[in-house]
Amino acid sequence: NIVDTCAGIKDYNARNTCTYETSLKNKGVNNCLLLRSDAKLRNSCIAQVALDTNNSKACKSIIRIERILTAECISAVALSTNEPERCEDIFPDIEYYRCFSDIGVKYGSIDVCGLAKRKNMKLLSYPTKFYCYKDYATQKKDPSACSRITASVFRAECEAAAAAE
């Protein structure tokens, strides 16, 4: 029990370190939540346990103002499990399409970009898959991947980015 293991430690930092390490060892997100006084350590704990247990739902325990960290947590689980459908739980636009492109790059399939259910994003003007194709092409340094982009201006941007060193 984490309370029995760490509660008796008087030093604040040592108690937090004990709680963090015990939470990781026991793979318990609820234990991470005991790190209330140290948000950075708590969020790090939650993200690590989520990744260790392939549980992207645990990422939602990260405090709401940390939307990017929550997105990165979900993306890391999606990437490690090769389950692009988990990316659908990501809300910031850029992290959303990058989740798909990172999976595509890791597993060698640009087709993952077409799996995004959100066809358009709030802050970006082109379809989601276009940004994914561009990110894939840039990471792979493969301008031919840009051929799937039908908007000529954005396709040219993609080709330039993919060809850049």
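Structure's up top.
This one's a predicted model, so the numbers in the text were calculated from it and none came from an experiment. (Residues numbered from 1 in each chain as written. Predicted model: local features only at pLDDT ≥ 70, side-chain atom pairs only at ≥ 80, totals over all residues. Heavy atoms only, no water.)

1. A short note on the overall build of the protein
Point 1. A tally of regular secondary structure across the protein gives 8 helices and 0 strands.
Point 2. Counting helices and strands in the order they occur from the N terminus, the protein gives α-α-α-α-α-α-α-α.
Point 3. At 19 Å, the protein has a C-alpha radius of gyration far larger than the 15 Å of a compact globule built from 165 residues.
Point 4. By its C-alpha atoms, the protein is 65 × 30 × 30 Å across when sized along the principal axes.
Point 5. Considering only contacts within the protein whose residues lie at least 6 apart along the sequence, 40% involve residues at least 24 apart.
Point 6. Here the protein has roughly 9100 Å² of accessible surface; of this, 51% comes from carbon and sulfur atoms.
Point 7. Positive and negative side-chain charges of the protein, numbering 24 and 20 respectively, have mean locations separated by a distance of 4 Å. (Helix = DSSP H or I, 4+ residues; strand = E, 2+ residues; numbered from the N terminus. Rg over C-alpha atoms; globule rule 2.2 N^0.38 Å. Contact = heavy atoms within 4.5 Å. Areas by Shrake-Rupley, 256 points an atom, 1.4 Å probe, with all protein chains shown as cover. Lys, Arg positive; Asp, Glu negative; His and termini not counted. Charge placed at Lys NZ, Arg CZ, Asp CG, Glu CD.)

2. So, the side chain of N16
Point 1. Checked against the element boundaries, N16 lands in helix α2 (residues 12-26).
Point 2. A residue is classified by how much of its surface remains accessible, and N16, at 7% relative accessible area, is buried.
Point 3. Discounting residues that sit within four places of it in the chain, N16 has contacts with L35, S37, D38 and L41. (Buried < 20%, exposed > 50% of the residue type's maximum accessible area, 1.4 Å probe, protein only.)

3. What to know about helix α4 (residues 39-52)
Point 1. Between its first and last C-alpha atoms α4 spans 20 Å; for 14 residues at 1.5 Å apiece the expected length is 20 Å, and the two agree.
Point 2. Turning to α4, its buried residues are R42, N43, C45, I46, V49 and A50. Projected onto a plane normal to the axis of α4, the buried residues spread over an arc of 160° and lie on a single side.
Point 3. Buried positions along α4 lie against α2, α3 (29-32) and α5 (67-81).
Point 4. Among the residues trailing α4, N54 stands out with phi positive, at a value near 55°. (Expected span 1.5 Å × (residues − 1). Arc of directions from axis to C-beta.)

4. Quick notes on the packing of aromatic side chains
Point 1. The final tally for this structure, using the stated rule, is 6 aromatic pairs.
Point 2. An aromatic cluster is built from Y97, Y126, F130, Y131 and F154, whose rings are joined through pairwise contacts.
Point 3. Note that R118 overlies the ring of Y96, its terminal NZ or CZ placed 3.6 Å from the centroid. (Phe/Tyr/Trp six-rings, centres within 6.5 Å; stacked < 30°, edge-to-face > 60°. Lys NZ or Arg CZ within 6 Å of the ring centre and 35° of its normal.)

5. A word on the state of the cysteines
Point 1. Scanning the model with the defined rule gives 6 disulfides in all.
Point 2. Two residues share a disulfide in this structure: C32 and C45, whose sulfurs sit 2.0 Å from each other. Looking down the S-S bond of the C32 and C45 bridge, the torsion is -65°, so its handedness is left-handed. With a gap of 13 residues between them, C32 in helix α3 and C45 in helix α4 connect regions that are remote in the sequence.
Point 3. Using a relative accessible area of 0% as the deciding quantity, one classes C32 as buried.
Point 4. Each disulfide of the protein joins two cysteines, and with those cysteines numbered along the sequence the arrangement is 1-2, 3-4, 5-6, 7-8, 9-10, 11-12. (Disulfide = S-S within 2.5 Å.)

6. Topic: the packing of helix α7 (residues 128-140) against helix α8 (residues 152-163)
Point 1. It is at 8 Å that the axes of α7 and α8 come closest, and there the two elements cross at 20°. Considering their axes alone, α7 and α8 lie roughly parallel with respect to each other. Considering only the axes of α7 and α8, their crossing is right-handed. Here F130, Y131, Y133, K134, A137 and T138 of α7 lie close against α8, whose contacting residues are F154, E157, C158, A161 and A162.
Point 2. Residues belonging to the contact of α7 with α8 are distributed by class as follows: 8 nonpolar, 1 polar and 2 charged. (Axes fitted to C-alpha atoms, helices over the stretch in contact; angles between N-to-C directions. Parallel < 35°, antiparallel > 145°, perpendicular 65-115°, else oblique. Left-handed = near helix turned anticlockwise from the far one by under 90°. Nonpolar A, V, L, I, M, F, W, Y, C, P; charged D, E, K, R; others polar.)

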